[in-house]
Amino acid sequence: MAKMEVKTSLLDDMIGVGDMVLLEPLNEDSFINNLKKRFDHNEVYTYIGSVVISINPYRSLPIYTPEKVEEYRNRNFYELSPHIFALSDEAYRSLRDQDKDQCILITGESGAGKTEASKLVMSYVAAVCGKGAEVNQVKEQLLQSNPVLEAFGNAKTVRNDNSSRFGKYMDIEFDFKGDPLGGVISNYLLEKSRVVKQPRGERNFHIFYQILSGASEEFLCKLKLERDFSRYNYLGLDSAKVNGVDDAANFRTVRNAMQIVGFMDHETQSVFEVVAAVLKLGNIEFKPESRVNGLDESKIKDKNELKEICELTGIDQSVLERAFSFRTVEAKQEKVSTTLNVAQAYYARDALAKNLYSRLFSWLVTRINESIKAQTKVRKKVMGVLDIYGFEIFEDNSFEQFIINYCNEKLQQIFIELTLKEEQEEYIREGIEWTHIDYFNNAIICDLIENNQTGILAMLDEECLRPGTVTDDTFLEKLNQVCATHQHFESRMSKCSRFLNDTSLPHSCFRIQHYAGKVMYQVEGFVDKNNDLLYRDLSQAMWKASHSLIKALFPEGNPAKINLKRPPTAGSQFKASVATLMKNLQTKNPNYIRCIKPNDKKAAHIFNDALVCHQIRYLGLLENVRVRRAGYAFRQAYEPCLERYKMLCKQTWPHWRGPARAGVEVLFNELEIPEEEFSFGRSKIFIRNPRTLFKLEDLRKQRLEDLATLIEKIYRGWKCRTRFLLMKKSQIVIASWYRRYAQQNKYQKIKSSAIIVQSYIRGWKARKLLRELKHRKRCNEAATIIAAYWHGTQARRELKRLKEEARRKHAVAVIWAYWLGLKVRREYRKFFRANAGRKIYEFTLQRLMQKYFLEMKNKMPSLSPIDRNWPARPYLFLDSTHKELKRIFHLWRCKKYRDQFTDQQKLIYEEKLEASELFKDKKALYPASVGQPFQGAYLEISKNPKYKKLKDAVDEKIIIAEVVNKINRANGKATSRIFLLTKNNVLLADQKSGNIKSEVPLGDVTKVSMSSQNDGFFAVHLKEGSEAAGKGDFLLSSDHLIEMATKLYRTTLSQTKQKLNIEISDEFLVQFRQDKVCVKFIQGSQKNGNIPTCKRKNNRLLEVAVP
Ligand SMILES: Nc1ncnc2c1ncn2[C@@H]1O[C@H](COP(=O)(O)OP(=O)(O)O)[C@@H](O)[C@H]1O
Ligand SMILES: [Mg+2]
C-alpha cells in the first residue's frame, strides 16, 4: 500500500512496539519478548518514552551510515524508528535552539556497548553540527582524543575485548550557533592494579601490546624493549593476542591520533619512554639476603634491567636501587631508615609501576584537555557525554568493583530522580493531575556507602588513618559493628544473626545488595588500595629523574615541598569527584541511553533471556515504564496526532480548519472513545491506555486501506478516462490529418490532369492560330513583293521618262545659251576695246584694298604690349603689308605704354634691365628674380630702435639693407649679418646688436663671383692691399643675390665710373687671409632638401652642394 503521508511515525511498520510505554500487557515477560523480537529483527534500539534502550548487537549493523545521519537529522523524536541518532539529534537541537545544556548518560554493564554508544553520539553530533576548516579541526581533535585514551585506558577483559578501565566524562562545548568550540575531559579512577596483575583471560592495557607489536625495530631499541611479550612479567601471557584486534595497526592509529590532537614529537617520545619504563619495572626481581640482625634484606637479582630503566628515565641508578631496599619514615623531624624485605620490595616496585602509569594517564588527559580547550571566553553551551564503567560483578570483587558499583549506584539515583522529576514536570506543564507512583529508591544504598559518619567509605578512611595496626580484617570488624543492621549490608560476622549460616558468604567478605544485585566484596586489599601508598623514597627518586615528564609526574618528591600530611585516600577522592559529577549532571538536561548486553559470549544473534532479564530488573526499566505510564501511557502533541488520525472522522478529513486541539476533540468524540481514556493537556493529548492507541492505529490502518481502495478506484477511473479521452482526441486528429492528406492527393491528381488537358488544348489552339498567322503573313509578304515589283517597274519607267525630259531641257538650255551668247557677242562686239581688261583689274584691286583696311579697323587688337594677337591676313598678296602693319602697331603701342611711366618706375625698369643684361641665361637663379620687385631696404633700420646706433653711424642713403649669411671661412658654417650698401660703402653689421663689423669703400671692391647655379652664394673680392682686405674676401649668401649684385654694380658704376667685374663660374678662388681657397659648386646629392650647404673640405677647397 502506498504511503499516504510524507510524515512518518514511530508507529509505522513497528516490530513489536518501538516504545515500551505502549507495551500491552506490561510485564517482565512481555518486556523481554518485545526486546528479543526486536533484537532478532536487528532492531537494537527501543524507547521508554525518551530513554533509549540499546542492546549490543556484537556485530556491525548498517544503521550508522551518513545516509542514516541525514535521515535522522532535524526529525522529531517519534517520527522514525528508535535510534541512538534520534536521541543525539534531540539533545543537539535542544542545546542549539533552546539553549539548554545537555548531558548524555550512558549506563550499563561492562561490554554492553556504552563506549560505542558514546562514540556514536559524538560522531552524530560532529556530522550534523557546523562545518568549516576551523570547526572541522576542533571536531577532529575531539574525536581523535578517543583512540589515545582507549589505548592507554582500555584493556581486554573477560566481558569486553575493549573494556574502558576508567570513567570518562566529556563536555563538548558549542558556541551560540551550535558549532563546536572545544571540550573538557574528566577521567575517573583508572583501574591501575591492572598494570601489575591481570585476572585470568584478561590483558594489560592495550598500549603495552601495541608498542611491542607496532613500533619499528629502531624505536623499540631506543626504548630498550624487545618485541617478545613473554619477556615481560607484567604482561599476562594467556591472552596476549585478541581475535580481530590488530595491535600493530592500532599503534599507528594511536600515534596518528596523538599527532592530530596536538602532541609534540618529544612529548610522544616521553610518553612511550614512561610506558617502556613501567613495562621494564616488572622485570626487576629481588632476592633475600640475610643480615646480621637476622632479618632478610632484599637485593636486586639482575641489575641490568635496573640500569636500562635508569638510562631511559635519567635516574641515578644508586638512588633507585636504594629506594627499592630502604624505606625512610619521617616523623617530627626524625628520619628513620628501615630495610625492606623481599615482599616489601615487590610491593614497592608494583606501587611505583601503578603510580607511574596512572599518573601518566592523568597527565595524558590534562594534555589532551589543553589541546581541545575552547579558545574563546564567550558563553558556551555544553553537551556532556558520560561513559563510565558499568556495574561489575566478578568472582572476586575488590576495592575497584566497590568503587565502580558505588558510582553506578549514584547514577541510578539521579536517573530515578530526574526521570520522575521530568515526568512530574510534564504533567504540571500540561495541567494534568499527577498520580503518585511507587518505585525503588536506591538512596538508601548510596547512604550505606557514602554517609559521612556511618558510610563504608568513611569507615575505611577512619581505619586507614587510625594509629596502631590496621589490617583489612580490622576494617571488616568495624563494618560488622556499624552496618550490621543495614538492610542492604550482609556479613557472616555481623551481629545480625541472619547470615551466620550463610555458607556462600566467606568470613573475609561482606556483601552489599546493590540496586543491580548482590555483590560480594573480598575485604583483602581495601586498606592498601584506599591508602594508595607510594614510599616517599621512590617518589623522591622519581623527582630526581632528568626525564622532565617523570619529574613532573611526581611533584611531591621535591624535598622542598615535603608534606607530612597524608594525601587524601583513593575512596574519599573518588567520592568527591563523583559528587562534583552528580552536581554537574543535575544542572543539565539529561538524555539516557541504557545499554544492555544480550549474552556473555560477546557473540552476535544470541539473546540470553535470563541475562537480559537480570539487567532489566536492576536497571529498573520496568519501573521506568510504569512511571511513564502511571497516569497516561501515551502522549502526543495535538498537531501530529490530528495529522495521523484525521482520516478517521468526516469532519477532520481531509482538512481540519481550526486549532489542532479542537480537531482532536472532535475526532475523539466522533470515535466515541470513553472519557476516562484520555485527557487534554495544554499542548498534548494524553492517552491512558496503550489499547486505546492501538485501537486508533487499527482503525487508521483499516481506514487507510479503505482510503487506498478509494484512491485507487478514483485513480484508475481517472486514468482510464484520461486515456480514453486522449485516444479519442488522438483518433480525431489522426482522422483529420488522414482526410486532409487523401483530399490533397485527390486534388493534386485532378489538378495535374486538368493541367495536362488544358495544355493539350492550348497547344492545339496555339498551333492552329500559328498556322493561320503564318498563312496570313505569307499572303502579306507575297502581296508586298508583287506591289514592290510593280512600283519598281513603274518608278523606273517614270525615272526613265524624267531623265529623258531633263536631258532634253538641258540640251535646250545649252543650245539656247549658246544661241544667246552668239547673239550678244554679235551685238556688243563693237563696244569693247583692248585696255578694258586693265581697268577692271585696277578697280578690283582698289576695291579689295579698301575692303581690307576697313575690316582691319574693326579687328584691331588691344593696346597691351604683351598682347600677341593679330588678325589673320585675308589675302596672300597682302602678306608683307600685313606683317609690317603689325610691327608698326606694336612699336606704337609700346611707345604709348612707356609714355605713362613716372621717373621712379623708369628707374626700377632700368635696374631690372640691367639685371637682365648681367644675368639672363648666365645664372640659374635669375628667372626667379624677374617677378620679384627690387625693394632694397628689406630691413627698416630707421624704424627699428634696435638698430639706432647703426643708423646713426651711417649717414648716407641706404641702398640695400638686408640680412645675409656670412660663411665662416674656417668651417663653412653660416652666421647672420646685416648687409648695408650705401652710395660709397659696403657694410657688414652684427644682426643682433647692430654693431658694424666691417666697412669697405666701393672703390676697394674689385670683383663679385658667383656660381651659374640656383644658389645665393657670392664672394665679394677686395682690392689687394686695401684696408678691408686684411681679413680676406667675403663669402656671403642671400636670397636676393640678383638684386644685390645688380645694385652693387650700378652703384659702383655711378660712383667710380668703372664697371664692377661680375664673374659667373662654378669654381672660383677666394682670398682667405693668406690662403687662396677654391670655392667649388657641385650639383646633385642633397640631403638637406632644397637648401644649399657649404662644407670646408680641406685647406684649399670649400665645397658648396647645390640642389
Ligand atoms: N552498536 C554496536 N554495534 C556493533 N557492535 C557494538 C555496538 N556496541 C557495542 N558493540 C561491540 O561490543 C563491544 C563492547 O562495547 P563497549 O562499548 O566497549 O562496551 P562498554 O563500554 O559498555 O564496556 C565493542 O567492542 C563492539 O565490538
Ligand atoms: Mg567502555
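Below: a short report on this structure. (Residues numbered from 1 in each chain as written. Chains lettered and ligands numbered in written order. Predicted model: local features only at pLDDT ≥ 70, side-chain atom pairs only at ≥ 80, totals over all residues. Heavy atoms only, no water.)

## Focus on the packing of aromatic side chains
Next up, step 1: In the structure shown here, the tally under the stated rule is 41 aromatic pairs.
Next up, step 2: Consider the rings of phenylalanine 979 and phenylalanine 1018, whose centres lie 6.4 Å apart with planes at 80 degrees: the pair is edge-to-face. Note that phenylalanine 979 is positioned in strand S21 (residues 974-982) and phenylalanine 1018 in strand S25 (residues 1017-1022), a separation of 39 residues in sequence. Accessibility classification places phenylalanine 979 together with phenylalanine 1018 in one group, the buried group.
Next up, step 3: Over the face of the ring belonging to phenylalanine 219 we find arginine 255, whose NZ or CZ atom lies 4.9 Å from the ring centre. (Phe/Tyr/Trp six-rings, centres within 6.5 Å; stacked < 30°, edge-to-face > 60°. Helix = DSSP H or I, 4+ residues; strand = E, 2+ residues; numbered from the N terminus. Buried < 20%, exposed > 50% of the residue type's maximum accessible area, 1.4 Å probe, protein only. Lys NZ or Arg CZ within 6 Å of the ring centre and 35° of its normal.)

## A word on the coordination of the magnesium ion (ligand 2)
Next up, step 1: Ligation of the magnesium ion (ligand 2) by protein atoms is provided by Thr115 (OG1) and Ser164 (OG), these donors lying 2.0 to 2.2 Å from the ion. With threonine 115 in helix H4 (residues 114-128) and serine 164 in strand S5 (residues 163-164), this residue pair connects regions lying 49 residues apart in the sequence.
Next up, step 2: Here threonine 115 falls in the buried class, since its relative accessible area comes to 14%.
Next up, step 3: Residue serine 164 is classed as buried on the basis of its relative accessible area, which comes to 12%. (Donors = N, O, S within 2.8 Å, 3.2 Å for Na, K, Ca; no water.)

## A few points about the site of ligand 1
Next up, step 1: Taken together, 15 residues surround ligand 1, and among them Asn56, Gly111, Lys114, Thr115 and Asn160 come closest.
Next up, step 2: A distance of 2.8 Å separates an oxygen atom of ligand 1 from a polar side-chain atom of lysine 114.
Next up, step 3: Between ligand 1 and the protein, one listed contact pairs an oxygen atom with a side-chain N or O atom of asparagine 160 at 2.8 Å.
Next up, step 4: Look at ligand 1: alone it shows 550 Å² of surface, and the protein chains cover 84% of it.
Next up, step 5: Residues that form the shell around ligand 1 fall into these classes: 4 nonpolar, 7 polar and 4 charged. (Near = heavy atom within 4 Å. Polar contact = N/O pair within 3.5 Å; in protein donor to acceptor, adjacent residues only side chain to side chain. Areas by Shrake-Rupley, 256 points an atom, 1.4 Å probe, with all protein chains shown as cover. Nonpolar A, V, L, I, M, F, W, Y, C, P; charged D, E, K, R; others polar.)

## Topic: the pattern of salt bridges
Next up, step 1: The tally for this structure, following the rule as stated, stands at 66 salt bridges.
Next up, step 2: The shortest N-O distance in the salt bridge between arginine 165 and glutamate 191 comes to 2.8 Å. One end of the pair, arginine 165, is in the loop between S5 and strand S6 (167-174); the other, glutamate 191, is in the loop between strand S7 (180-188) and helix H6 (206-214), and 26 residues separate them in sequence.
Next up, step 3: Given the relative accessible area of 2%, arginine 165 is considered buried.
Next up, step 4: Residue glutamate 191 is classed as buried on the basis of its relative accessible area of 10%.
Next up, step 5: One salt bridge connects glutamate 297 with lysine 299, and the closest N-O pair in it is separated by 3.1 Å.
Next up, step 6: Residues joined by salt bridges that share partners form a network here, namely Glu226, Arg231, Lys280, Glu305 and Glu308. (Salt bridge = Lys/Arg side-chain N within 4 Å of Asp/Glu carboxyl O.)

## Some words on the sheet that holds S7
Next up, step 1: A sheet is described by the order of its strands in space; here 7 strands give the open sequence S1-S2-S16-S3-S12-S6-S7, paired in mixed fashion. Looking at which strands have only one partner, the edges of the open sheet turn out to be strand S1 (45-48) and S7. For this sheet the average axis-to-axis angle between neighbouring strands, irrespective of direction, equals 20 degrees.
Next up, step 2: Sitting on the sheet, helix H22 (residues 621-629) touches S1, strand S2 (51-55) and strand S16 (589-596), and the angle it makes with S1 is about 50 degrees. (Pairing = 2+ DSSP bridges. Axes fitted to C-alpha atoms, helices over the stretch in contact; angles between N-to-C directions. Contact = heavy atoms within 4.5 Å.)

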